[in-house]
Amino acid sequence: MPALGPWWFKYLHIRNITTEYTGKAQRHTEALGILYSLAVTLLLVTGYWLLVTGNKSCHAKDHKKYVLHPNPLNHNPLDQFSLSLYCFIASSGAGSRFQVPGKNFHAECHKECLPVPSVIIHLFILSFTHLLILMYIINESKFVFVRRFSYLCSKEYFSSMIFNIQRFSTHDGKGIRTIIFYKGCPLHCLWCSNPEGISFGYSILYDIRNCKGFGECIKVESRAITRNNNHGILIDRHLINNPENLKDICPAKAITVAGEHKSVNDLLKEIEKDVPFYGKDGGVTLSGGEPLAQGKEVTSLLRELKSRNINVNIETSLHVTWDNILDNIGLINTYLTDLKHTDLDKFRTYTGGDAALVMDNLIKLAATGAHIIIRIPVIPGFNHTEKEMQEMIEFVSSLPVREIHFLPYHTLGMEKYNMLGLQYRFGSVKPVRDPEIEPYVQYAQSKGIETKIGG
Ligand code: SF4
């Protein structure tokens, strides 16, 4: 569907329709905002109308001299503008005279004698500023009709990139859950089991085992994809013109494209199919990638879910700015929060990120009273030693957080690295067995922390 609205709409982050209503005071502020907008709109429409019709209706004989006295060009820009606008609105015809409010002189106005270029520029600036303010009001609005307008303008722009929706999951939270996997993560953990979720754009997976050499992909992306002399194809992903060309192109499903734009409403439609199965504990889990790195689309979805009383868990690395977390506080029931390491150097080497940011966010988030479950991935060669685990458990025990889940390293995502044309650096590492984690479990329990092995 084509985008509805100018390209810069997306930078205004207009939210989707929501039925949530948070308070009276906010409603009053909005009502004033909307009244203001209507008044300015009326003023602008009048101004433009007079500008367009001015020349036709004026009876002045001498058009060469300025008859708006004193000559507005001698005034500062604000005076020029207010005199001109006042003249537009107050003068009922050629040669009308009026007292300029707040000034000790009279003006005589002929519409065609106004400094038209200056007025047009001012009107445009005012219109643009006004539009921005209007969009801000729409963005923040709790009035459904205002948001419905914004939705019409923004359907395409305000979608998120999703790479999977897993239904009827019994992992990643209590009960039966719908798991939405957002595409894009600020980290790149070397053991990540969802490598197709790390990039914020499309990812192209090629499974040579399924390739039958049909060559349909070569027809649509001939610069990037060539036939391999031995078997299958060679892909230069940098040369792919449009990944969408490759969606569903391969009859053998050897090429698949991870990533699909979904609006909040699209996601709600999917979620609503599963609502009857959630029962008392189930709900939605936002996963990824990093859901908190997705911006306001996630907040819009969370508001909608809250207004429908749907339980929400979020799987997050907390490697995002605090603002991204703050925007969603009160909309999430449980945070399933990764704690990978407390050592800054090791964290940076293995994930490309900043452990201090994660720990800082975790301290702030815990202080808000949010329900947090810490998840520690147990990764050989990275944090799988008693000393490192104890440091992490000590850190957790200093917070008002009382549950840790240990996630043993596994190799389930390994094949995807091949399919993405990436190197898997943990190829020789053996999966971690539950008994290896037992000492960490006991240490955590000795600190009064509940534990579980697995997600
Ligand atoms: S934080 Fe999670 S999704 Fe992001 S790279 Fe690490 S393991 Fe993958």
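Residues numbered from 1 in each chain as written. Predicted model: local features only at pLDDT ≥ 70, side-chain atom pairs only at ≥ 80, totals over all residues.

## Some points on the overall build of the protein
Then, in step 1: The secondary structure content of the protein amounts to 13 helices and 15 strands.
Then, in step 2: Looking at the protein as a whole, 34% of its 455 residues qualify as buried.
Then, in step 3: Counted over contacts in the protein with a minimum sequence separation of 6, partners at least 24 positions apart contribute 74%. (Helix = DSSP H or I, 4+ residues; strand = E, 2+ residues; numbered from the N terminus. Buried ≥ 20, exposed ≤ 12 C-beta atoms within 10 Å, placed from the backbone. Contact = placed C-beta atoms within 7 Å.)

## Thoughts on the nonpolar core
Then, in step 1: Judged by nonpolar contacts, the single largest core of 72 residues is most densely connected at Ile-180 and Val-312.
Then, in step 2: Shared between two domains, this core takes at least three residues from each, and those domains are domain 2 (159–201 + 259–453) and domain 3 (202–258).
Then, in step 3: Discounting chain neighbours no more than four positions away, the residues touching Val-312 are Gly-283, Val-284, Leu-286, Leu-302, Leu-305, Leu-331, Ile-332 and Asn-333. (Core = buried A, V, L, I, M, F, W, Y, C linked by C-beta atoms within 7 Å. Domains from an automatic or database assignment.)

## Describing the sheet that holds strand β12 (residues 334–338)
Hydrogen bonds between backbone atoms are what pair the strands of a sheet, whose relative direction is either parallel or antiparallel.
Then, in step 1: An order of β9-β3-β4-β10-β11-β12-β13-β14-β15 is seen for the 9 strands of this open sheet, with the pairing classed as mixed. Here the strands that pair on one side only, and so sit at the sheet edges, are β9 (260–263) and β15 (450–453). For this sheet the average axis-to-axis angle between neighbouring strands, irrespective of direction, equals 30 degrees.
Then, in step 2: When strand β10 (residues 283–287) meets strand β11 (residues 311–316), the two strands line up parallel, connected through 4 bridges. Bridge pairing in β11 links Thr-285 to Asn-313.
Then, in step 3: Together, β3 (159–169), β10 and β11 form the strand contacts of helix α7 (residues 296–307), whose direction differs from that of β3 by roughly 40 degrees. (Pairing = 2+ DSSP bridges. Axes fitted to C-alpha atoms, helices over the stretch in contact; angles between N-to-C directions.)

## Quick word on helix α6 (residues 264–278)
Then, in step 1: With 15 residues, α6 extends 20 Å from end C-alpha to end C-alpha; this agrees with the ideal 21 Å at 1.5 Å per step.
Then, in step 2: Remark: the principal bend of α6, roughly 35 degrees, maps to Glu-272, with a proline, Pro-276, within the next four residues.
Then, in step 3: Turning to α6, its buried residues are Val-264, Leu-267, Leu-268 and Ile-271.
Then, in step 4: Where α6 is buried, its residues meet β4 (177–182), β9, β10 and α7. (Expected span 1.5 Å × (residues − 1). Bend = angle between axes of the 7 residues up to and from the residue.)

## Remarks on the site of the ligand
Then, in step 1: Contacts to the ligand come from 13 residues, most closely from Cys-185, Leu-187, Cys-189, Cys-192 and Ser-317.
Then, in step 2: Of the residues assigned to the shell around the ligand, the class counts are 5 nonpolar, 7 polar and 1 charged. (Near = placed C-beta within 6 Å. Nonpolar A, V, L, I, M, F, W, Y, C, P; charged D, E, K, R; others polar.)

## Side note on the environment of Leu-339
Then, in step 1: Relative to the helices and strands, Leu-339 resides in the loop between β12 and α9 (344–351).
Then, in step 2: Once the C-alpha coordinates of Leu-339 and Val-396 are considered, the two residues, 57 residues apart in sequence, prove to be 8.9 Å apart.

## Examining unusual backbone geometry
Then, in step 1: Look at the link from Gly-288 to Gly-289: it is a cis peptide, with omega at 15 degrees.
Then, in step 2: With respect to the helices, strands and loops of the structure, Gly-289 is situated in the loop between β10 and α7.
Then, in step 3: Positive phi is not limited to glycine here, since Phe-168 has a value of about 55 degrees.
Then, in step 4: Of note, Phe-168 is situated in strand β3.
Then, in step 5: Owing to 11 C-beta atoms within 10 Å, Phe-168 belongs among the exposed residues under this scheme.
Then, in step 6: In this model, Lys-253 sits at a positive phi of 60 degrees, which is unusual for a non-glycine residue.
Then, in step 7: Using a count of 11 C-beta atoms within 10 Å as the deciding quantity, one classes Lys-253 as exposed.

## Looking at the packing of α6 against α7
Then, in step 1: Their axes nearest at 10 Å, the elements α6 and α7 cross at an angle of 40 degrees. As summarised for this structure, α6 and α7 are arranged oblique, according to the angle between their axes. As α6 runs across α7, the sense of the crossing is right-handed. Contacts from Val-264, Leu-267 and Leu-268 of α6 reach α7 at Glu-297, Ser-300, Leu-301 and Glu-304.
Then, in step 2: A per-class count over the contact of α6 with α7 returns 4 nonpolar, 1 polar and 2 charged. (Parallel < 35°, antiparallel > 145°, perpendicular 65-115°, else oblique. Left-handed = near helix turned anticlockwise from the far one by under 90°.)

## Quick look at α9
Then, in step 1: Of the residues making up α9, those classed as buried are Phe-347, Tyr-350 and Thr-351. For α9, the arc enclosing every buried residue in end-on projection is 80 degrees, short of the 170-degree limit, so these residues lie on one face. Summarising the geometry of α9, the exposed residues directed more than 90 degrees from the buried face are Asp-345 and Thr-349.
Then, in step 2: In the core, the buried residues of α9 are packed alongside α10 (355–367).
Then, in step 3: Just downstream of α9 lies Gly-352, where phi reads positive at about 80 degrees. (Arc of directions from axis to C-beta.)

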